[in-house]
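What the coordinates show
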Amino acid sequence: MSSTFTDAARQAFQARADQALAGPMEKYMKNLFPFLGIKSPLRKELSKQLFREQGIPDNWEEIVRELWVLPEREYQYLALDVVAKVKKRLTEQHLPLLEELVTTKSWWDTVDFLASHMAGTILWRSPELVGPSTSAWMESHNMWLQRTAILFQLLYKQETDQELLFTYIRACAASKEFFIQKAIGWSLREYAKTNPEAVRDFVDKTPLASLSKREALKHLA
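The model shown is predicted, which means the values in this text are computed figures rather than measured ones.

1. Comments concerning the pattern of salt bridges
Taken as a whole, this structure holds twelve salt bridges when the rule is applied. Here Glu45 ties to Arg52 by a salt bridge, and the two come within 3.3 Å at their closest N and O atoms. Relative accessible area serves as the criterion here: at 38%, Glu45 is assigned to the partly exposed category. You can call Arg52 exposed: its relative accessible area is 56%.

As structure tokens, this is what we get:
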């Protein structure tokens, strides 16, 4: 039995489904997930309307899980909207939920938000867990958890643990996985906004995939 919020979400989303749009959206996402065919602007408006009508639910973890198991991808995006609404409530107790979401229905469109916003927030508030949690993700051999370990500091700016970031990048530098190479480049490109010299020096001295290097140096002269 699903919650009132999830029932309302399904009713609102299914009423605006458009199969003519669903096909191209599925193709863009490599046909990994079915879509209702609700484009981002409309989906965001429907999400806002749901929160206006239903409020931010106290049982938000239950609702996130309910939305996550629904087939169509728009429901996972709504689950991320719920996570964004309760960002101030995130604590170390939510690390298992984070790992569950990262490792199921995994693709960049959900994992990147979870890494930078959910993991980043939880570990910012519980810095003593950074080492144990992220090292476990690195050792898991799960590409998406490793991507999360590389990207969780994406919004930390001058508070970035440079040594940790560089350590994880070195550990993954030989990876042939596109999403790992891309994460390395993205994390370095973002950190370069804070410490361009450190990034330039690191790239010069570290064997990186061409994609990672190109992304890292994208905005550096």
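2. Topic: the packing of helix 8 (residues 130-139) against helix 9 (residues 143-151)
Running from N to C, helix 8 and helix 9 cross one another at 140°; their axes reach a closest spacing of 7 Å. Here helix 8 is positioned oblique relative to helix 9, judged by the angle of their axes. Relative to helix 9, the crossing made by helix 8 is left-handed. Where helix 8 abuts helix 9, its residues Thr134, Trp137 and Met138 lie against Leu145, Gln146, Thr148 and Ala149.

3. Some details on the environment of Leu151
Along the chain, Leu151 falls in helix 9. Sequence separation between Leu151 and Ala115 is 36 residues, and the spatial gap between their C-alpha atoms is 5.9 Å. The residues contacting Leu151, other than those within four sequence positions of it, are Asp112, Ala115, Ser116, Ala183, Trp186 and Ser187.

4. Quick word on the side chain of Thr160
Locating Thr160 in the fold gives a position in the loop between helix 9 and helix 10 (162-172). Reaching out from Thr160, the side chain makes a polar contact with the backbone oxygen of Lys157 at a distance of 2.7 Å.

5. As for the side chain of Ser187
Turning to its location among the elements, Ser187 is positioned in helix 11 (residues 178-192). Here Ile184 takes part through its backbone oxygen, which lies 2.9 Å from a polar atom of the side chain of Ser187. Not counting residues up to four positions away in its chain, the partners in contact with Ser187 are Ile150, Leu151, Leu154, Leu165 and Ile169.

Basis of the calculations
- Residues numbered from 1 in each chain as written.
- Predicted model: local features only at pLDDT ≥ 70, side-chain atom pairs only at ≥ 80, totals over all residues.
- Heavy atoms only, no water.
- Salt bridge = Lys/Arg side-chain N within 4 Å of Asp/Glu carboxyl O.
- Buried < 20%, exposed > 50% of the residue type's maximum accessible area, 1.4 Å probe, protein only.
- Axes fitted to C-alpha atoms, helices over the stretch in contact; angles between N-to-C directions.
- Helix = DSSP H or I, 4+ residues; strand = E, 2+ residues; numbered from the N terminus.
- Parallel < 35°, antiparallel > 145°, perpendicular 65-115°, else oblique.
- Left-handed = near helix turned anticlockwise from the far one by under 90°.
- Contact = heavy atoms within 4.5 Å.
- Polar contact = N/O pair within 3.5 Å; in protein donor to acceptor, adjacent residues only side chain to side chain.

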